[in-house]
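Here is what each chain is made of, one letter per residue.
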Amino acid sequence: MNGGCPPVFLTQADDDPISNPENTRIMKRACEQAGVPVEFHPLASGGHGFGMGKPGTPTAEWPAFYEAWLRNRQMIA
């Protein structure tokens, strides 16, 4: 049972020097164990604080992943 927790979308660069990427993986597993719908998109590189993505890097892909996730949940038209 998810206790009313909304679905969770996660993305993080594997080379983030500020926030350990393993913490995001821990969050993903915790959501799965609690029955909370979760989608995780690890990025090969991009560091920390990549905003809406940096052109020419893996981070440029995540906004499209997020838009698809929102549309699949009918959170946006």
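Cut-offs used in this document
- Residues numbered from 1 in each chain as written.
- Predicted model: local features only at pLDDT ≥ 70, side-chain atom pairs only at ≥ 80, totals over all residues.
- Heavy atoms only, no water.
- Salt bridge = Lys/Arg side-chain N within 4 Å of Asp/Glu carboxyl O.
- Helix = DSSP H or I, 4+ residues; strand = E, 2+ residues; numbered from the N terminus.
- Buried < 20%, exposed > 50% of the residue type's maximum accessible area, 1.4 Å probe, protein only.
- pLDDT = per-residue confidence, 0-100.
- Core = buried A, V, L, I, M, F, W, Y, C linked by side-chain atoms within 4.5 Å.
- Contact = heavy atoms within 4.5 Å.

Turning to the pattern of salt bridges, a few remarks are in order. Evaluation of the coordinates by the stated rule reveals five salt bridges. Two residues, Glu32 and Lys28, come together in a salt bridge whose shortest N-O distance is 2.5 Å. With a gap of four residues between them, Glu32 and Lys28 both fall in helix α1 (residues 21–34), about one helical turn apart. With a shortest N-O distance of 2.7 Å, Arg71 and Glu67 are connected by a salt bridge. Within this pair, Arg71 and its partner Glu67 are both found in helix α2 (residues 62–72), separated by four residues, close to a single helical turn. Looking at Arg71, the relative accessible area reads 39%, which means it is partly exposed. Overall, Glu67 belongs to the partly exposed group, its relative accessible area being 36%.

Attention now goes to the confidence of the model for the chain. Taken as a whole, the chain shows an average pLDDT of 93; of its residues, 94% reach a score of 70 or greater. At the low end of the mean pLDDT range in the chain sits α2, at 95; at the high end sits α1, at 98.

For the rest of this paragraph, the subject is the nonpolar core. With seven residues, the main nonpolar core is built from Phe9, Ala13, Leu43, Phe50, Trp62, Trp69 and Leu70. Mapped by element, the contributors of at least two residues to this core are β1 (8–13) and α2. Residue contacts for Trp62: discarding those within four places in its chain leaves Phe9, Thr11, Leu43, Phe50, Gly51, Met52 and Gly53. The next biggest cluster of nonpolar side chains, apart from the first, holds five residues, and it includes Val8, Cys31, Val36 and Phe40.

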